[in-house]
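Listed here are the chains, written in short residue letters.
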Amino acid sequence: MALYTPEYQPTGEEIAVINTSKGPIRVQLAGNDAPIHVGNFVELAQKGFYDGLKFHRYVPGFVIQGGCPNTRDLTPEQVIKEGSRRGCGMGNPGYSIKEEFTTNPNNSHEDGALAMARSMDPNSAGSQFYLCLGPQHNLDSGYTVFGQTIEGKDVIGQLRAGDVIESVVIENAAE
């Protein structure tokens, strides 16, 4: 799959508001540390790509993961009961982006960190993201962190597979 380079150039001021069925989460995006990941996330959010997707993976004390387009037409119950059989966790936006965990000087999986999921290929991230449920420093050398939660850690703690990403709104986005 070809690597995509986003057109959006982050300023470092962007904040993502991830509106979920359990409430909003505000994340300071790390545009200066992971410009490809932030640019990609901003573009997808502005296109409405994430609207209506479900979180499909919940591992207590580890991560809550969403952003797979294969969850769009499934009910929350279908995601919970038959997610892997329905391809939850296998979808992407039709491209992938270059990893930035080797170049991000602040690539630290702290509690509430926002990072991109990927397959075995380091350059296979596309749209799926996860939020850390506690520090996960074992992931620092293999997955790109591109934001840190500034409000809503309590909401993250309530999220489970099947919960809905109602929208992702980017504040302070450059025109």
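Criteria and cut-off values
- Residues numbered from 1 in each chain as written.
- Predicted model: local features only at pLDDT ≥ 70, side-chain atom pairs only at ≥ 80, totals over all residues.
- Heavy atoms only, no water.
- Helix = DSSP H or I, 4+ residues; strand = E, 2+ residues; numbered from the N terminus.
- Buried < 20%, exposed > 50% of the residue type's maximum accessible area, 1.4 Å probe, protein only.
- Contact = heavy atoms within 4.5 Å.
- Pairing = 2+ DSSP bridges.
- Phe/Tyr/Trp six-rings, centres within 6.5 Å; stacked < 30°, edge-to-face > 60°.
- Lys NZ or Arg CZ within 6 Å of the ring centre and 35° of its normal.
- Salt bridge = Lys/Arg side-chain N within 4 Å of Asp/Glu carboxyl O.
- Expected span 1.5 Å × (residues − 1).
- Core = buried A, V, L, I, M, F, W, Y, C linked by side-chain atoms within 4.5 Å.

By the secondary structure assignment, F146 is in strand β8 (residues 145–151). Classification of F146 by relative accessible area gives buried; the value is 0%. For the pair formed by F146 and N107, sequence separation is 39 residues and the distance between their alpha carbons is 7.8 Å. Setting aside chain neighbours within four positions, we find F146 in contact with Q28, L29, A30, A34, H37, V38, F41, L114, A115, M116 and F129.

As a further point, take the sheet that holds strand β5 (residues 63–66). Across the sheet, nine strands lie side by side as β3-β9-β1-β2-β8-β6-β7-β5-β4; this open sheet has antiparallel pairing. Bordering the open sheet on either side are β3 (53–54) and β4 (57–59), each of which pairs with just one other strand. Across three bridges, the pairing between strand β6 (residues 113–116) and β8 is antiparallel. If you follow L114 over to β8, its bridge partner there is G147.

Turning next to the packing of aromatic side chains. According to the stated counting rule, one finds eight aromatic pairs in the structure shown. Where F49 meets Y50, the ring centres are 5.4 Å apart and the plane angle is 85 degrees; that geometry is what we call edge-to-face. Here F49 falls in the buried class, since its relative accessible area comes to 16%. Overall, the relative accessible area of 0% leaves Y50 in the buried class. In this structure, R72 is placed above the aromatic ring of F49, and the distance from its NZ or CZ to the ring centre is 5.9 Å. Note that R118 overlies the ring of Y143, its terminal NZ or CZ placed 4.5 Å from the centroid.

Going through the model one piece at a time under the given rule, you end up with six salt bridges. One salt bridge connects E171 with R26, and the closest N-O pair in it is separated by 2.8 Å. Here E171 is found in strand β9 (residues 164–171), whereas its partner R26 is found in strand β2 (residues 23–29), with 145 residues between them in sequence. E82 is the salt-bridge partner of R85, the closest N and O atoms lying 3.1 Å from each other. Through salt bridges with shared partners, a single ionic network connects R26, E151 and E171.

To continue, consider helix α1 (residues 35–46). Every α-helical turn comprises 3.6 residues, leaving residues that sit three or four positions apart pointing alike. The end-to-end C-alpha distance of α1 is 16 Å, a good match for the 16 Å that twelve residues give at a rise of 1.5 Å each. Of all twelve residues in α1, nine are buried, a share of seventy percent or more. Turning to α1, its buried residues are H37, V38, G39, N40, F41, V42, E43, L44 and A45. Looking at the buried side of α1, the elements it contacts are β1 (15–20), β2, β6, β7 (129–132), β8 and β9. One or two positions beyond α1, positive phi appears at G48, with a value near 80 degrees.

On to the nonpolar core, then. Judged by nonpolar contacts, the single largest core of 33 residues is most densely connected at L29, F41, Y50, F129, F146, V168 and I170. Listing elements by their share of this core, those giving two or more residues are β1, β2, α1, β6, β7, α3 (153–158) and β9. When residues of this core are assigned to their parent elements, the largest contribution, five residues, is made by α1. With eight residues, the next largest nonpolar core counts A115, A117, Y130 and L139 among its residues.

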